[in-house]
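In case you want the letters, here they are:
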Amino acid sequence: SLRMNIHLKYRKTSSTNCIDLKEINMKIVKTIEEVRNITSQWRAEGMSVGLVPTMGFLHEGHKSLIDRAVSENDRVVVSDFVNPTQFGPSEDLEAYPRDINRDAELCEKAGAALIFDPEPSEMYYDDCEAYVNINSLSDELCGKSRPIHFKGVCTVVSKLFNIVKPDRAYFGQKDAQQLAIIKRMVRDLNFDVQIVGCPIIREADGLAKSSRNTYLGSEERKAALILSKAVKLGEDMAKSGENDAEKIVSKMKELINTEPMARIDYVEAVDAISIKPVKKMDGAVLVAMAVYIGKTRLIDNFIFEK
Ligand code: AMP
């Protein structure tokens, strides 16, 4: 495995609340066995472990999760795995951007202790028969156009929990349905891990950061702003007291349709916990969208809580 030296001076550790002057050698490992050896050693030494699951090509959004994890745990594992089971047959698995060296640099600077970068063959037996599925929550929103997606996500996240055994795991609100599904999976299957949701990180002009933004040409990049503009419109309507979720959604759709390069997959208002469609902005409501800009499918959302 590759080894990198980082010196984390004066870092406060969460469990002991004392100064940790120990040098952390960030490692990039490719085998489950090595991850288990390292993390079990940490646990034996009484250290807390945070996990940040990613598909790599890291950006400021991922970094915000890693920063939060570093501030709350003694050691942080970042998994960097483009998970084949969450991609449909006509999706962008092959095209998905990858750059492990750049990812390693970002993780090292952020203070992560380990990158887990397995090959698909390390994660999946050829004759694998066990998968983790979650009902109803997977059928709405992204589940309609990506029917196997959340089964792949739940399976790989379960496997990562079993491999790393983290105290806490960090997920972005950017993938709001994924976060709701993981929280429900952890509750329903009694995983012994705390799920921490982190806010959406955006570009200066509002576009939610995403590894997939690299697919956008310069005209498409401008057109992509329609998503965050629609989020802003919907959020402003909700904040100013509009209680009719359907009205908010239809105004957002109207705005998105003014952009010729945009094609709506869905814009919907759902209960933020059950992911069931709602008509009124009561309780915690997730207003989420997926919009194609050219061939690139982008997502964005807001949660409104009265
Ligand atoms: P991905 O590599 O796209 O699978 O994302 C890995 C994690 O980073 C997921 O929990 C995402 O929700 C989170 N994430 C991705 N983009 C952002 C963003 N712009 N802001 C906050 N979290 C993000």
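Residues numbered from 1 in each chain as written. Predicted model: local features only at pLDDT ≥ 70, side-chain atom pairs only at ≥ 80, totals over all residues. Heavy atoms only, no water.

*Asks:* Any details on the site of the ligand? Residues and values, ideally.
*Replies:* Among the 17 residues in the neighbourhood of the ligand, the closest are listed as His62, Gly172, Asp175, Ile201 and Lys209. Methionine 55 is positioned such that a nitrogen or oxygen atom in its backbone is 2.9 Å from an oxygen atom of the ligand. Notes on the ligand: free accessible area 490 Å², of which the protein chains cover 93%. Secondary-structure elements contributing two or more residues to the shell around the ligand are strand S5 (49-54), helix H2 (60-72) and strand S8 (168-172). Here the shell around the ligand takes three residues from H2, the largest share from any one element. (Near = heavy atom within 4 Å. Polar contact = N/O pair within 3.5 Å; in protein donor to acceptor, adjacent residues only side chain to side chain. Areas by Shrake-Rupley, 256 points an atom, 1.4 Å probe, with all protein chains shown as cover. Helix = DSSP H or I, 4+ residues; strand = E, 2+ residues; numbered from the N terminus.)

*Asks:* Give a description of the packing of aromatic side chains that names residues and reports values.
*Replies:* Enumeration according to the criterion identifies three aromatic pairs in this entry. Summarising the aromatic geometry, the rings of phenylalanine 87 and tyrosine 96 are spaced 5.9 Å apart at their centres and angled 80 degrees between planes, so their arrangement reads as edge-to-face. For the pair phenylalanine 87 and tyrosine 96, a shared accessibility class is recorded, and that class is buried. A ring pair is formed by phenylalanine 161 and phenylalanine 191, whose centres lie 5.5 Å apart and whose planes are at 70 degrees; its orientation type is edge-to-face. (Phe/Tyr/Trp six-rings, centres within 6.5 Å; stacked < 30°, edge-to-face > 60°. Buried < 20%, exposed > 50% of the residue type's maximum accessible area, 1.4 Å probe, protein only.)

*Asks:* For the packing of helix H9 (residues 225-239) against helix H10 (residues 245-256), give the residues involved together with the corresponding values.
*Replies:* In the contact formed by H9 and H10, the axes pass within 9 Å of each other and the chain directions differ by 150 degrees. As far as their axial angle goes, H10 and H9 are roughly antiparallel. The chirality of how H9 crosses H10 is right-handed. Along its contact with H9, which presents Ile226, Lys229, Ala230, Val231, Leu233, Gly234, Met237 and Ala238, the element H10 presents Lys247, Ile248, Lys251, Met252, Leu255 and Ile256. Here the contact of H9 with H10 is composed, by residue class, of ten nonpolar, one polar and three charged. (Axes fitted to C-alpha atoms, helices over the stretch in contact; angles between N-to-C directions. Parallel < 35°, antiparallel > 145°, perpendicular 65-115°, else oblique. Left-handed = near helix turned anticlockwise from the far one by under 90°. Contact = heavy atoms within 4.5 Å. Nonpolar A, V, L, I, M, F, W, Y, C, P; charged D, E, K, R; others polar.)

*Asks:* How would you summarise the packing of helix H6 (residues 149-164) against helix H7 (residues 176-188) if you had to cite specific residues and measurements?
*Replies:* Closest axis-to-axis distance for the H6/H7 pair is 11 Å, and the angle between their directions is 55 degrees. Looking at the two axes, H6 sits oblique to H7. Here H6 and H7 pass one another in a crossing that is right-handed. Judged by residue contacts, Phe150, Val153, Cys154, Val157, Ser158 and Phe161 of H6 engage Gln177, Gln178, Ile181, Ile182, Met185 and Val186 from H7. Of the residues that constitute the contact of H6 with H7, the class distribution is nine nonpolar, three polar and no charged.

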